[in-house]
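# Observations on the model geometry
Take a look at the letters that make up each chain.
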Amino acid sequence: MWEYTEKVKDLYTNPVNVGKMENPDGVGHVGSVVCGDALTLYIRVKDNIITDASFETFGCGSAIASSSALTEMIKGKTVEEAEKIKNQDIVDYLGGLPNQKIHCSVMGSEALINAIADYRGEKPPVDDEHEGEIICQCMNITDVDIRKAVHEKGITNIDDMMESTGAGTVCGTCIPKIEDIIEEERGRCSIKDDRCCEEPMTNLQKIKKIEDAINSVIRPGLKRDGGDIELVDVQGDVVFVKLRGACSSCMSASMTLENFVQSELRKSVSKDIIVKHV
Amino acid sequence: MTMHVYLDNNATTMVAPEVLDAMLPFYREMYGNASSMHYFGGRVAKDMEKARHQVAELLGAENDFEITFTGTATEGDNLAIRGITSYYRDKKHVITSTVEHPAVLNLCRQLEKEGYRITYVPVDSNGVVDLQVLKEAVCDETAIVSIMHANNETGVIMPVKEIGAFLKEKKVPFHIDGVQAAGKIPINVQELNCDLYTISAHKFHGPKGIGALYVKKGTRMRPMIYGGHQEKGRRPGTENVPGIVGMGKAAEMALYHLKDMKALSSLRDRLQSEVLKRIPTSSVNGGGAERTPNTANITFEFIEGESILLHLDQKGVYVSTGSACSTGSLEPSHVLRAMDLPFSRIHGSIRFSLSRYTTDEEVDYALSILPGVIDNLLTISPFWDNEKKIGSIPQEG
């Protein structure tokens, strides 16, 4: 059961400004039966002041309360003043909403934007098709949002994802799910985009690329210090190498591997490469 | 005076007074550990074994030792499926249905991530599992088949007997999630030919936090948690003695009260037919199939389930809904979606679930409240024409 404030309960029990308006000056509609809530907002405007507002809602208790609250809030305001009302103002008017119900207030502010656009003879700007399955309920973030962030922003770990999208930053319950999605999306191209990752390499292609990088950049670099390198094996992203010559007994061999070989391979092959000395 | 009419018995039930009375001594003077060697603990073990027998009777099990007590039915479902799959490690295929409880569905989704192939058998428009698809899905790779006995949202009963007979022949382990069947319809695990059967005490007037898994003699499985010798190591951990004793008493009473189920079914039918008669926008989900005697899932079109629920709540009538807004996941009922119902019918669905304690007066009260609530919500719905008294849903996108 949701924890609703007294104001919310009062407004869904006895909503005000209910029903269709005859000859309104602006109508805004958002939502659909598919998403489970829909709202139609009617406004009457005289001398640039909203003199009357009413609504029809298909939705849950907080959707009804948010719609009703909105009509009360905009009456008597100029169109420009009303335009400034954000969903947070509706939440505040109601004394708060449960996290998972914040989207009900968003619906209200979106319907208002559409109603004002309609009054001005413009096209409704809000088309609220939310794609995908909601993963982070607190922040209302879908799997599609997370997948896009992987491909478009190149995010590969949970911390960067949280910082970038806000997903998982409130209660954190969804973090394993987010990690699963990141894992799924890495190295595959489900969302076409210019900056999106390339098709995954075959092992043969990967080994070829590694050899090329060793021959063209890494070996010449090591040879300058009297050393050499031999490629032993490639398992997934792990590259096993042997250092030869001066490098093989050098105390800073691991530093060399880490700093030079690995960074060169990451640059020219894949950013996931890990180099191991055998 | 406001009445309190509890019509959400598929969620949980009232603890029967006799059950609570049976439990209390085990919270007071009989607090011994059943594993102790001394009399003080040992006598508790006797009461626990009596409870095991009572549960075995409810399920029609051949032997008492086939009953393993668990913390919840979710745990029972997990133990059954994980227990089998981790024994038959080379078999990487599991069959279940699209309308299972999350305890089974989400486990199967996890198994998929671990490399298993899962067949989710579809249901027909009444919510009954497609027997033919299930039969065709069984192969040499199949580790286990898990199908519920009755659905929690619609009450629809699945063809588990046919499935059991088929799987016995194929020698594939069969688990039944019987949470919604226990205490509502007769159960006989031997006739059902199942290897595993899960139940939960709080669904049949027992306490919460105790369940049981029937494991047929000779079934090969591994435990999911490791510890002491309790429950023969199948489910180690100090036994929840008061819960077990309470579950035993509840099982005994549930078996006795099966005789009342015909009357309960008539009461449910009366509620259902009166709702359909008084409210033209209503329709029953799963009504064309055989159902548990206590459940009616009814859709009220053009309005949303949570708002119906909240208004009924204020009048003291307690129900549940399949609408997206009511669930923690904000996803509409996967069961009604699997039945291929349009979204407009899913979001406006209300589940009424009665119990043997539900009275005629309570049903009358609910019936007196409901039409007014539905009318009020239709008035404010953008999909309802208040003059013509008809509704219309724009094309679903």
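Values in this document were obtained by computation on a predicted structure and should not be read as measured data. (Residues numbered from 1 in each chain as written. Chains lettered and ligands numbered in written order. Predicted model: local features only at pLDDT ≥ 70, side-chain atom pairs only at ≥ 80, totals over all residues. Heavy atoms only, no water.)

By rolling a water-sized probe across the atoms, one finds the places where empty space is left. The tally for this structure, following the rule as stated, stands at two cavities of 30 Å³ or more. Taken as a whole, the largest cavity spans an internal volume of roughly 110 Å³. Lining the largest cavity are 15 residues, with Gly183(B), Lys184(B), Lys203(B), His205(B) and Ser355(B) positioned closest to its centre. Its residues assigned to classes, the lining of the largest cavity shows six nonpolar, six polar and three charged. Considered as a void within the structure, the second largest cavity measures approximately 30 Å³ in volume. Forming the boundary of the second largest cavity are Thr57(A), Phe58(A), Gly59(A), Ile64(A), Ile303(B), Glu304(B), Ser307(B) and Leu377(B). Tallied by class, residues from the lining of the second largest cavity come to four nonpolar, three polar and one charged. (1 Å grid on protein atoms, 1.4 Å probe; cavity = no way out; pocket = protein on both sides within 12 Å on 5 of 7 lines; lining within 4 Å. Points joined across faces, edges and corners; volume = space filled by probe spheres on them. Nonpolar A, V, L, I, M, F, W, Y, C, P; charged D, E, K, R; others polar.)

When the domains of chain A are assigned, the result is domain 1 (6-119), domain 2 (132-194) and domain 3 (197-278). The C-alpha centroid of domain 3 of chain A is placed 61 Å from the C-alpha centroid of domain 1 of chain A. (Domains from an automatic or database assignment.)

Moving on: the packing of aromatic side chains. All names here are of chain B. A complete count under the given rule lists five aromatic pairs over all chains for this structure. Between Tyr-87 and Tyr-88, the aromatic rings sit 4.9 Å apart at their centres with planes inclined by 80 degrees, giving edge-to-face as the arrangement. With centroids separated by 5.8 Å and ring planes inclined at 40 degrees, the aromatic side chains of Phe-302 and Trp-384 adopt a geometry described as tilted. Highlighted residues: Phe-302 in the loop between β10 (295-300) and α10 (305-314) and Trp-384 in strand β14 (residues 384-385), separated in sequence by 82 residues. Per residue, the accessibility class of Phe-302 equals that of Trp-384, and both read buried. (Phe/Tyr/Trp six-rings, centres within 6.5 Å; stacked < 30°, edge-to-face > 60°. Helix = DSSP H or I, 4+ residues; strand = E, 2+ residues; numbered from the N terminus. Buried < 20%, exposed > 50% of the residue type's maximum accessible area, 1.4 Å probe, protein only.)

Those residues of helix α8 (residues 175-185) of chain A that fall on the buried side of the exposure criterion are Ile178(A), Ile181(A), Ile182(A) and Glu185(A). Viewed end-on, α8(A) has its buried residues packed into an arc of 100 degrees, placing them on one side of the element. (Arc of directions from axis to C-beta.)

Attention shifts here to the confidence of the model for chain B. Overall, the predicted model of chain B reaches an average pLDDT of 94, with 97% of residues at or above 70. Here the complex is predicted with pTM 0.77, and the ipTM for its interfaces comes to 0.73. (pLDDT = per-residue confidence, 0-100.)

Moving on to the pattern of salt bridges. Residue and element names in this part refer to chain A. Per the counting criterion, the structure on display carries 26 salt bridges over all chains. As a salt-bridge pair, Lys-75 and Glu-72 come within 3.9 Å of each other at their nearest N and O atoms. Judged by relative accessible area, which is 29%, Lys-75 ranks as partly exposed. Residue Glu-80 pairs with Arg-120 through a salt bridge whose shortest N-O separation is 3.8 Å. With Glu-80 in helix α3 (residues 79-83) and Arg-120 in the loop between α5 (102-119) and β4 (134-136), this pair connects stretches of sequence that are 40 residues apart. Look at Arg-120 and you get partly exposed, because its relative accessible area is 35%. (Salt bridge = Lys/Arg side-chain N within 4 Å of Asp/Glu carboxyl O.)

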